[in-house]
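# Structural overview for review
What follows is the residue order along each chain.
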Amino acid sequence: MKLSGKGIIVTGGAQGIGLGIVERLAAEGAAVGIADLNLGAAQRAAEQIKVAGGRAIALEVDVSDRAAVQAGIARFVDKFGQLDCYFNNAGMNIPMPFLDITESNWDLIMRVNGLGVLIGIQEAARQMIKQGTKGKIVNTASIAGRQGYADFAPYCASKSSVISLTQAGARALAPQGITVNGFSPGVVATPLWTKLDKDLMEMGVSEKEGEAMDAFSQAILLKRAAQPGDISGTALFLASSDSDYVTGQIIPIDGGMILV
């Protein structure tokens, strides 16, 4: 029980990578806040954790809305006492051919994936400083933050910003004893990829279901897409005392897809 007594919020925690992280952290003894736009899904996830003997609360949060983030943190602290770790995991993607990318597409993706992470780092840090405790902030980046993909340009830019914000946050918050790290998944079998697969079919990039994921997976040395459980072990490491001397780092979890 590496996280016994710890309070942790995971944004985008109601499905996919976020849900896998929430379940792993709760199993290790953490009280978890499942922060998500989809309150119903967050409530169902929280109930499942409670049935399994864990502690959880569902929080309706738009990560790009500072007031909503502040309210979610306040509600979590009111219930569980303090915030020890905050995962900026929520994200989205709407692919478009490079020459067709619109300002509205760019603005939406950057607002959620970029601004949302900045707000999350700031507000989590403010709560930790207010408590007078050290803490951990963990951001979900992507292999798309390391190299550009023609049909995902705004998403790539947003995830590159996550990497930069992680480094900047680590420098800014080290004096307060707060570490800021992240991880970069590759191809992960989640609802986000299911939607992405459909979007690419509609764009004419692929012709049948699963073709896009299979094409991307060809570059993975381990020859398979990841499952959320492949991500949660690294999330546990970054949330636990095992990573106390790690800050400003992005850990790849991509099966050897990108070698840098």
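Per an unreviewed UniProt entry, the chain goes by the name Glucose 1-dehydrogenase and belongs to Pseudomonas pudica. The record held by UniProt for the chain lists under Sequence similarities (unreviewed entry) the comment "Belongs to the short-chain dehydrogenases/reductases (SDR) family."

The next thing to look at is the pattern of salt bridges. Considering all chains together, one arrives at 7 salt bridges under this definition. With a closest N to O distance of 2.7 Å, R66 and E123 form a salt bridge. Within this pair, whereas R66 is found in helix α3 (residues 66-80), its partner E123 is found in helix α4 (residues 103-131), the two being separated by 57 residues in sequence. A relative accessible area of 30% places R66 in the partly exposed class. Between D230 and R224 there is a salt bridge; the shortest N-O distance is 2.9 Å.

Now for the sheet that holds strand β6 (residues 178-185). On the basis of which strands lie adjacent, the open sheet formed by 7 strands has the order β3-β2-β1-β4-β5-β6-β7 and parallel pairing. Two strands in the sheet have a free side with no partner beyond their single neighbour: β3 (55-60) and β7 (250-253). Adjacent strand axes in the sheet meet at a mean angle of 20°, parallel and antiparallel pairs treated alike. Sheet analysis places strand β1 (residues 7-11) next to strand β4 (residues 85-88), joined by 3 bridges and oriented parallel. Paired with I8 across the strands is C85, a residue of β4.

Quick notes on the rules
Residues numbered from 1 in each chain as written. Predicted model: local features only at pLDDT ≥ 70, side-chain atom pairs only at ≥ 80, totals over all residues. Heavy atoms only, no water. UniProt positions renumbered as here; feature names shortened; annotations may be inferred. Salt bridge = Lys/Arg side-chain N within 4 Å of Asp/Glu carboxyl O. Helix = DSSP H or I, 4+ residues; strand = E, 2+ residues; numbered from the N terminus. Buried < 20%, exposed > 50% of the residue type's maximum accessible area, 1.4 Å probe, protein only. Pairing = 2+ DSSP bridges. Axes fitted to C-alpha atoms, helices over the stretch in contact; angles between N-to-C directions.

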